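# Residue-level structural notes
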Amino acid sequence: MTDSCIFCAIVAGRQPARTVYQDETVTVFWDIHPQARIHLLIVPNQHIRSLAEAEDVDPALLGRCLQVAAKVAREQGIAETGYRVVTNVGPHAGQSVFHLHFHLLGGNPLRLPLG
Ligand code: AMP
């Protein structure tokens with residue numbers, strides 16, 4: 001945990017968020033600036049700056065994030081209509097919060113192309 005990280009503060013309950021799921025490894029909450037009808041953030045509780053720093057992390061943690069994304073998508077009723085899971089790494093991708101997170105987007109048709 002780092003004191004200055006907003007997502008660490010949410011995970012620890014020090015910062016309010018609309019949390020929909022939490023277990024010992026992962027927390028899921030609504031994005032404050034939604035870019036789709038459903039826009040949730042899947043956040044490992046452990047502070048990892050981005051996917052680029054994930055090499056030394058337990059691979060099960062990364063897998064668990066994706067499993068939880070699928071579970072929450074099902075619970076939100078978008079499993080059948082489809083959804084997108086994306087993580088931004090660094091400046092070209094527009095990463096703005098430096099705590100690894102996966103965006104779960106759905107509930108309406110999503111824009112393509114991705115790049
Ligand atoms: P990224 O640009 O990929 O780093 O995504 C960061 C996301 O976090 C953005 O979509 C923000 O809207 C979202 N965000 C930032 N602060 C908060 C917060 N306090 N609660 C919920 N979402 C947040």
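Throughout what follows, the structure given in this document is the object of discussion. Just so it is clear, the structure is predicted and the values come from calculations on it, not from any experiment.

Quick look at the site of the ligand now. The environment of the ligand is formed by 16 residues, the closest being Asp-31, Asn-88, Ser-96, His-101 and His-103. Take Ile-32: an N or O atom from its main chain is 3.3 Å from a nitrogen atom of the ligand. At 3.1 Å from an oxygen atom of the ligand is found a main-chain nitrogen or oxygen belonging to Gly-94. Coverage of the ligand by the protein amounts to 87% of the 500 Å² it exposes when considered alone. Among the elements of the structure, α1 (6-11) and β2 (26-30) are those that each provide at least two residues to the shell around the ligand. If one sorts the elements of the shell around the ligand by residue count, α1 sits on top with 3 residues. When the residues that make up the shell around the ligand are grouped by side-chain class, the tally is 8 nonpolar, 7 polar and 1 charged.

Here we come to the nonpolar core. Taken as a class, soluble globular proteins show a tendency for nonpolar side chains to be buried jointly. Judged by nonpolar contacts, the single largest core of 21 residues is most densely connected at Val-26, Val-28, Leu-40, Ile-42, Val-68, Val-72 and Leu-104. Here Ile-42 is in contact with Val-26, Thr-27, Val-28, Cys-65, Val-68, Ala-69, Leu-100, His-101, Phe-102 and Leu-104, once residues within four sequence places are set aside. With 9 residues, the next largest nonpolar core counts Cys-8, Ile-10, Val-43 and Val-97 among its residues.

On to the packing of aromatic side chains, then. Across all of its chains, the model carries 1 aromatic pair by this definition. Plain terms: the ring middles of Phe-7 and Phe-29 are 5.3 Å apart, the flat faces sit at 80 degrees to each other, and that makes the pair edge-to-face. With Phe-7 in helix α1 and Phe-29 in strand β2, the pair connects residues that are 22 residues apart, well separated along the chain. Of the two residues examined, Phe-7 and Phe-29, each falls in the buried class.

With that settled, the discussion passes to the sheet that holds strand β1 (residues 19-22). The 5 strands lie next to each other as β1-β2-β3-β5-β4, forming an open sheet whose pairing is antiparallel. Whereas interior strands pair on both sides, the edge strands pair on one side only; in this sheet they are β1 and β4 (83-86). When strand polarity is set aside, the average angle formed by the axes of neighbouring strands in this sheet is 15 degrees. Sheet strands touched by helix α2 (residues 59-75): β1, β2, β3 (38-44), β4 and β5 (102-106). Its angle to β3, the strand with the most contacts, is close to 155 degrees.

This part is about the pattern of salt bridges. By the definition in use, this model includes 2 salt bridges. Of the charged contacts, one joins Glu-75 and Lys-71 as a salt bridge, the two residues approaching to 2.6 Å between their closest N and O atoms. Placement of the pair is Glu-75 and Lys-71 together in helix α2, with a separation of 4 residues, close to one helical turn.

How each quantity is defined
Residues numbered from 1 in each chain as written. Predicted model: local features only at pLDDT ≥ 70, side-chain atom pairs only at ≥ 80, totals over all residues. Heavy atoms only, no water. Near = heavy atom within 4 Å. Polar contact = N/O pair within 3.5 Å; in protein donor to acceptor, adjacent residues only side chain to side chain. Areas by Shrake-Rupley, 256 points an atom, 1.4 Å probe, with all protein chains shown as cover. Helix = DSSP H or I, 4+ residues; strand = E, 2+ residues; numbered from the N terminus. Nonpolar A, V, L, I, M, F, W, Y, C, P; charged D, E, K, R; others polar. Core = buried A, V, L, I, M, F, W, Y, C linked by side-chain atoms within 4.5 Å. Buried < 20%, exposed > 50% of the residue type's maximum accessible area, 1.4 Å probe, protein only. Contact = heavy atoms within 4.5 Å. Phe/Tyr/Trp six-rings, centres within 6.5 Å; stacked < 30°, edge-to-face > 60°. Pairing = 2+ DSSP bridges. Axes fitted to C-alpha atoms, helices over the stretch in contact; angles between N-to-C directions. Salt bridge = Lys/Arg side-chain N within 4 Å of Asp/Glu carboxyl O.

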